[in-house]
Structures are given as structure tokens and as C-alpha cells.
Amino acid sequence: DQQVKQNSPSLSVQEGRISILNCDYTNSMFDYFLWYKKYPAEGPTFLISISSIKDKNEDGRFTVFLNKSAKHLSLHIVPSQPGDSAVYFCAAVANWSGNKLVFGAGTILRVKS
Amino acid sequence: DAGITQSPRYKITETGRQVTLMCHQTWSHSYMFWYRQDLGHGLRLIYYSAAADITDKGEVSDGYVVSRSKTENFPLTLESATRSQTSVYFCASCVAKNTGELFFGEGSRLTVL
């Protein structure tokens, strides 16, 4: 049973508009939630994270929102740029687990110019 | 160059053969990980290591063996490759804090015929 779910396999957005990527989790023991970005033929790179004690974290064009009661988080990219086109993985980790991340299946974002 | 490197980047082998994927990091990070990426599954943890000579199984460890005699190296061995082990394999490392910010290698694409 998947503990971290990304139900949208792909998303297409016009350049300059907002991209919203969603993620749901089932394990209430998770303490940190992260988003990773992956380009073809490269390894994933860390993008942004949020602690379970917060409900929002912002870094430039990227904002992550956490709704603990709904076990849901989302990544907002504003404004979207063609260079944002990539696979985005949602991940979660429990503090006691020694950095063992649990990843979602990923969402392919295409930003059209 | 400093960082985390994987070799080989591409490998084709036959069912039943032993294959070793290498991973080397220059940061002296305590934690190292092996993940495999498959369509529809995202990244799944195979093995992880909290320090030299300390390793433990992840979610999908059957058919794999690891060792960590030195902090900087974390080789992954497929003892008798099967077609289901055709995948892209990523090595990652991080410091000891439990926030999940992993640094990934570029991946090793393995095809088992």
C-alpha cells in the first residue's frame, strides 16, 4: 500500500500561469515533507521542504502547503517557466527513520511557452 | 569533481549474471542509500547505510546485496539478475540530520535480458 500518493501522472500548464502539484499521504508519523525535481537522465534534486509543525514554506517561485488534518500537501509554482518542465516527486520522512524517504510515483509537469 | 558519482551509467546484462553498481561520494556523508525508479512506483528504497559497516534493508531488498567498508563507497550487487530488476538505480547520500535532504547521483540504467 502506497504511503505517499501523487494521483496526477501529468500536468500541462501555460508559461506564466500557476502550476499546482498535489500529494497525499497516509502515515501520520511523517515529520518532514519534501519535493524533488528530476530532469531526464539526471538524478532527482531537492527543491523545497516543510516541517510538520508548519503549514506553509516559501522559496522564491516555489511554495509548499501542508494540510495535516487532510494529510495533503501541494507545491505551487508561480509563475511557471518552461525550465520547470520536469518530473516532480513528493516525499515524506519520519524523524526516527534515519532519513529513509518514502516517495510518490511522480508527476510530469510540462510548461508550454 | 566533488559530489556523488555512479558507475556504470548504462549496463546490459543477462538473466542469472551478477552485476555490481558502484557509488562513490566525496562529502563524507554518514548516510547512503540505493533507490530504484520504476514507472508508476516512483523511487523505492532498496538498501540504506547509516555509517560504514552499518547497513539495513529497505522496501525492495530481495535479490540485492550491499556493503560499506568505507564511508565514501556503497556498492550494490545483484547476485543473480532477473528481468524484474531492469530499472534505473539511484544512489544518494546525506548528512546525519533527519530532514530527508538527499543528494542523488545521476543514476545507472540497468537492462536485464
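In this convention, every chain numbers its residues from 1, walking through the sequence in written order. Chain labels run from A onward and ligand labels from 1 onward, assigned in the order the entries are written. Given that this is a predicted model, residues contribute local features only at a pLDDT of at least 70 and side-chain atom pairs are listed and counted only at 80 or more, while totals for whole chains, interfaces and linings are drawn from all residues. Heavy atoms from the whole structure form the basis of all side-chain values; hydrogens and water molecules are not counted.

A. Examining the interface of chain B and chain A more closely. Taken together, the contact pairs 24 residues of chain B with 21 residues of chain A. Two parts lose some accessible area (1.4 Å probe) when they are put together, and adding that loss for both gives the buried area. Both sides together, the interface formed by chain B and chain A hides about 1800 Å², and carbon and sulfur atoms give 55% of it. Any Lys or Arg side-chain nitrogen found within 4 Å of a carboxyl oxygen on Asp or Glu counts as a salt bridge. The interface formed by chain B and chain A includes zero salt bridges. The definition of a polar contact used here is a pair of N or O atoms within 3.5 Å, where within protein one atom must be able to donate a hydrogen and the other to accept one, and adjacent residues in sequence count solely through side-chain atom pairs. Across the chain B-chain A interface, the total number found is five residue pairs in polar contact (both at pLDDT 80 or more). Asp, Glu, Lys and Arg are counted as charged, while Ala, Val, Leu, Ile, Met, Phe, Trp, Tyr, Cys and Pro are counted as nonpolar; the rest, among them Gly, fall into the polar class. When its residues are assigned to classes, the side of chain B that touches chain A shows 12 nonpolar, eight polar and four charged. Should any heavy atoms of two residues lie within 4.5 Å, those residues are counted as being in contact.

B. Focus on the pattern of salt bridges. Tallied over the entire structure, the rule returns seven salt bridges over all chains. Between A:D84 and A:R61 there is a salt bridge whose closest N-O contact spans 2.8 Å. Here A:R61 lies in the loop between strand 6 (56-59) and strand 7 (62-67) and A:D84 lies in the loop between strand 8 (72-77) and strand 9 (86-93), a separation of 23 residues in the sequence. Classification of A:D84 by relative accessible area gives buried; the value is 2%. The salt bridge involving B:R44 is made with B:D38; its shortest N-O contact spans 3.0 Å. Only protein chains enter the calculation, and the probe is 1.4 Å; a residue is then buried if its accessible area is under 20% of its type maximum, exposed if over 50%, and partly exposed in between. Since its relative accessible area comes to 17%, B:R44 is described here as buried. A relative accessible area of 13% places B:D38 in the buried class. By sharing partners, the salt bridges in this structure join A:K37, A:R61 and A:D84 into a single network. Runs of E in the DSSP output that reach at least two residues are strands. Runs of H or I that reach at least four are helices, and both are numbered from the N terminus.

C. Spotlight on the state of the cysteines. Criterion for a disulfide: a pair of cysteine sulfur atoms within 2.5 Å. Going through the model one piece at a time under the given rule, you end up with two disulfides over all chains. Each disulfide pairs two cysteine sulfurs, and for A:C23 the partner residue is A:C90, the sulfurs being separated by 2.0 Å. Across the S-S bond linking A:C23 and A:C90, the dihedral sits near -75 degrees, which makes this disulfide left-handed. Placement of the pair is A:C23 in strand 3 (residues 19-25) and A:C90 in strand 9, with a sequence separation of 67 residues. Accessibility classification places A:C23 together with A:C90 in one group, the buried group. Bridging B:C23 to B:C91, the disulfide has an S-S length of 1.9 Å. Linking B:C23 and B:C91, the disulfide has an S-S dihedral of approximately -75 degrees and is accordingly described as left-handed. Here B:C23, found in strand 3 (residues 19-25), pairs with B:C91, found in strand 9 (residues 87-94); they are 68 residues apart in sequence, far enough to count as distant. Each member of the pair, B:C23 as well as B:C91, carries the same accessibility label: buried. Here B:C94 is not cross-linked by a disulfide; its sulfur's nearest cysteine counterpart is in B:C91, at 11 Å. Residue classification places B:C94 among the buried positions, given a relative accessible area of 1%.

D. Representation of the sheet that holds strand 1 (residues 4-5) of chain A within the structure. All names here are of chain A. Strand pairing is assigned whenever DSSP identifies at least 2 bridges connecting the two strands. In spatial order, the strands read 1-3-8-7-6; together these five strands make up an open sheet with antiparallel pairing. Across the chains shown, the open sheet's two edge strands, defined by having one partner strand only, are strand 1 and strand 6. Alignment of strand 6 against strand 7, held across four bridges, turns out to be antiparallel. Pairing of N57 across the sheet is with V64, part of strand 7.

E. Structural detail: the pairing of strand 9 of chain A. Residues and elements named next belong to chain A. Burial within strand 9 is extensive, with seven of its eight residues counted as buried. Pairing of strand 4 (residues 32-38) with strand 9 involves seven bridges; the strand directions are antiparallel. Bridge pairing in strand 9 links K37 to Y88. Taken together, the three bridges between strand 9 and strand 11 (residues 107-112) define a ladder with antiparallel strand orientation. Pairing of A86 across the sheet is with L109, part of strand 11. Looking at chain direction, strand 9 and strand 10 (residues 102-103) are connected through two bridges and run antiparallel. By the bridge assignment for strand 10, A92 is matched with V102.

That's the geometry; what it means functionally is another story.
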